[in-house]
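Coordinate inspection notes
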Amino acid sequence: MSEEVLQQASPGLIPGSGTARAAKPTRLSPSFISWLQAGPMMLVFLAFFLIPLAFVVIVSFWDYNEYQLLPHFSGRGYTDTFEGCLAQLPELCTIGKTYLKTLKLCFMVWAITLFIGFWIAYFLAFHVKSKTWQMGLSLLCTIPFWTSNVIRMIAWIPLLGRNGLVNSGLMKTGLINHPVEWLLFSEFSVVLALVHLFTFFMVVPIFNSMIRIDKSLIEAAYDAGASGFQTLVNVIIPLSKPGIVIGSIFVITIVMGDFITIGVMGGQQIAAAGKIIETRVNALQFPAAAANAVILLVITFLIITMMSRIVDIKKEL
Amino acid sequence: MKEGRPRSFYVLAIFFAAYVLFLYGPMIAIYVLSFQGPQGGLTFPMNGVSTFWIAKLFQGTGIVDLGAAFRRSLLLGVIVMIVTVVLSVAAGMAFRRKFRAQSILFYSAIASLIVPSIITSLGISLEFRIIDDLIKAHWNENFETSMGLLTSGLGAHLTWTLPFGLLIMFAIFNRFDPRLEEAARDLGATPWQTFRHVVLPIILPSVIGIGLFGFTLSWDELARSSQAIGAVNTLPLDLQGLTTTVTNPDIYALGTVISAVSFTVITLALGTIHVLNKRQAAKGSDAGKGLV
């Protein structure tokens with residue numbers, strides 16, 4: 001039997017005959033495959049994130065009237081935002097006060113979530129010894145995230161309201177005569193709800209950092225005579241820093257841009273950076289909304305840059 | 001190290017328990033309150049026990065057209081889930097070798113995650129407004145809008161779910177043993193066969209995890225939908241709208257129903273992941289079992 005016949009009967013049987021290779025003549029180049037694989041996601045980010053972000057910046061310099069956008073250069077978005085600010089100096093104008101209040105809320109939520117988050121992560125990473133328990137307890141903390149944020153916010157109403165559990169409980173014990181009014185629709189309830197919603201965003205990255213700490217380092221510190229407190233300050237906290245920074249960035253960016261929690265829990269009464277944007281949009285003043293978005297973006301970016309000075313985030317992911 | 005548990009263990013254990021109570025307490029309160037009797041109000045004590053408010057939602061006589069919003073949210077969630085899975089797995093594969101624009105994609109994803117949602121949402125709404133204006137000016141004067149659930153709304157949700165999908169893919173391929181693919185190639189598998197029969201079965205549990213993330217993130221998404229979704233509302237948007245006006249336990253009933261869907265989806269997904277992991281453990285490798 002000639003080689004040719006054999007090959008017709010079962011192509012590719014004879015090694016090196018070339019038929020098997022000829023069956024796929026056009027091999028795609030690796031870089032083309034990469035483009036094919038990553039391209040769609042890149043396109044989504046381009047169309048729905050990068051270009052929109054560019055539009056925010058561009059539109060913030062457009063003019064507007066009561067009905068429409070006027071696409072020519074104008075600083076009105078910004079001047080309207082800071083209206084009267086120079087005249088009022090040294091008093092803070094409304095926009096200044098609003099940003100100050102946003103920063104204050106942000107700082108309070110950050111400090112509280114960091115404190116709670118650190119100790120929860122510490123407990124899970126160092127005190128809970130079995131992997132199963134670690135998994136189980138972490139899952140226990142995640143379950144509330146299986147439901148919508150708004151639901152978790154309104155869940156406070158039956159507890160904190162005028163006739164809520166806390167007030168009626170306090171009245172019954174005779175500690176107070178009138179219901180406490182500042183429990184709900186106040187800065188207190190906003191901070192409480194934000195802590196309730198976002199502490200776990202602090203726990204996860206800190207826990208991830210802590211779990212990677214080599215246990216022998218802690219033993220070494222202990223053997224070298226360090227007290228528990230010294231080990232904490234000199235070993236555990238420095239090594240958990242990446243997690244602390246990533247968690248902080250999460251919490252800070254969420255709170256800086258938040259307008260929903262502040263709206264619902266503040267009874268639509270508390271002004272904040274995100275709420276200004278929402279209000280401007282509802283009034284169809286898009287350039288002013290965009291100008292505020294740019295300001296918020298710059299402030300958030302500055303905070304993140306400051307924090308990422310502390311650790312290289314890309315390396316940690 | 002020391003024997004037994006140190007005192008700090010007990011202090012932190014109590015702290016942890018308090019945190020869990022803090023997490024769950026309020027939510028349990030509204031689940032319970034959604035079973036108020038017909039005369040019940042927004043706060044305790046319960047005024048009878050019934051499914052009156054939940055039934056009212058499904059009759060459509062309540063505060064919102066629950067059915068329509070429910071279907072919209074479900075449709076969007078499922079589409080977001082599918083797109084997130086496909087694009088994340090593809091991009092995750094791409095990141096396993098170096099390619100140009102790699103860092104642009106990476107930083108876009110991270111930025112999309114941390115730029116405040118209201119800004120992304122505003123940007124998308126501006127973009128579509130400008131597109132609308134262009135269409136009206138050049139092609140069709142009577143054009144209404146290109147904004148909608150499956151255009152601007154879908155895009156807005158994807159900017160939120162894709163970064164998570166990509167980060168999960170990084171975590172998967174960090175633990176992935178490329179020798180398995182090499183073995184498949186040595187046995188003559190095409191790249192597609194290698195992916196289909198070797199890579200995919202191994203990463204499948206985590207891929208389901210990505211789908212789960214995609215669905216629930218979209219299902220609960222509010223901030224990005226707020227400006228970008230157009231005229232229709234998703235369920236969370238309806239719910240947020242209700243918070244300012246409602247004085248009946250309808251809102252708790254709605255909350256309970258939304259939660260129930262999330263819980264069902266997640267339990268199903270976790271169950272599937274569990275089954276797949278078991279199968280993998282049982283059938284995945286015959287190494288060390290001898291020749292038969």
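Everything below is about the structure printed above this text.
The structure contained in this document is the topic of the report that follows. (Residues numbered from 1 in each chain as written. Chains lettered and ligands numbered in written order. Predicted model: local features only at pLDDT ≥ 70, side-chain atom pairs only at ≥ 80, totals over all residues. Heavy atoms only, no water.)

**What about the pattern of salt bridges?**
Under the defined criterion, the tally for this structure stands at seven salt bridges over all chains. Among the charged side chains, a network of salt bridges with common partners joins Asp63(A), Arg76(A) and Asp80(A). (Salt bridge = Lys/Arg side-chain N within 4 Å of Asp/Glu carboxyl O.)

**What about the packing of helix α1 (residues 7-33) of chain B against helix α11 (residues 250-283) of chain B?**
Residue and element names in this part refer to chain B. Packing of α1 against α11 brings their axes to within 8 Å, and their N-to-C directions diverge by 115 degrees. With respect to each other, α1 and α11 are oriented roughly perpendicular. In this structure, the crossing between α1 and α11 has a hand that is left-handed. Packed against α1, whose contacting residues are Ile-30, Tyr-31 and Leu-33, the element α11 presents Tyr-252, Thr-256, Ser-259 and Phe-263 at the interface. In terms of residue class, the contact of α1 with α11 is built from five nonpolar, two polar and no charged. (Axes fitted to C-alpha atoms, helices over the stretch in contact; angles between N-to-C directions. Helix = DSSP H or I, 4+ residues; strand = E, 2+ residues; numbered from the N terminus. Parallel < 35°, antiparallel > 145°, perpendicular 65-115°, else oblique. Left-handed = near helix turned anticlockwise from the far one by under 90°. Contact = heavy atoms within 4.5 Å. Nonpolar A, V, L, I, M, F, W, Y, C, P; charged D, E, K, R; others polar.)

**Some points on the environment of Ala269(B)**
Residues and elements named next belong to chain B. Here Ala-269 is to be found in helix α11. Residue Ala-269 is classed as buried on the basis of its relative accessible area of 10%. Residues Ala-269 and Ile-208 lie 61 residues apart in sequence; the distance between their C-alpha atoms is 6.8 Å. (Buried < 20%, exposed > 50% of the residue type's maximum accessible area, 1.4 Å probe, protein only.)

**So, the packing of aromatic side chains**
One pass over the full model with this rule turns up 26 aromatic pairs over all chains. On the basis of an interplanar angle of 90 degrees and a centroid distance of 5.3 Å, the ring pair of Phe118(A) and Trp119(A) is categorised as edge-to-face. Given the relative accessible area of 8%, Phe118(A) is considered buried. On the basis of relative accessible area, Trp119(A) is assigned to the partly exposed category, the value being 24%. Between Phe106(B) and Phe170(B), the aromatic rings sit 6.1 Å apart at their centres with planes inclined by 25 degrees, giving stacked as the arrangement. You can see Phe106(B) sitting in helix α4 (residues 102-114) and its partner Phe170(B) sitting in helix α6 (residues 149-174), a full 64 residues away along the chain. The same class applies to Phe106(B) as to Phe170(B), namely buried. Among the aromatic side chains, those forming a connected cluster through ring pairs are Phe95(B), Phe99(B), Phe106(B), Tyr107(B) and Phe170(B). Its guanidinium or amino end placed over the ring of Tyr64(A), Arg76(A) lies 4.0 Å from that ring's centre, counting from NZ or CZ. Against the face of Phe173(B) rests Arg96(B), its NZ or CZ located 4.3 Å from the ring centre. (Phe/Tyr/Trp six-rings, centres within 6.5 Å; stacked < 30°, edge-to-face > 60°. Lys NZ or Arg CZ within 6 Å of the ring centre and 35° of its normal.)

**Points about the environment of Thr84(B)**
Residues and elements named next belong to chain B. Looking at the secondary structure, you find Thr-84 in helix α3 (residues 66-94). Overall, Thr-84 belongs to the buried group, its relative accessible area being 1%. Thr-84 sits 14 residues away from Lys-98 along the chain, and the two C-alpha atoms are 22 Å apart. Other than its neighbours up to four places away in sequence, Thr-84 contacts Leu-158, Thr-161, Leu-162 and Ile-210. A polar side-chain atom of Thr-84 sits 2.5 Å from the main-chain carbonyl oxygen of Val-80. A polar side-chain atom of Thr-84 sits 3.0 Å from a polar atom in the side chain of Thr-161. (Polar contact = N/O pair within 3.5 Å; in protein donor to acceptor, adjacent residues only side chain to side chain.)

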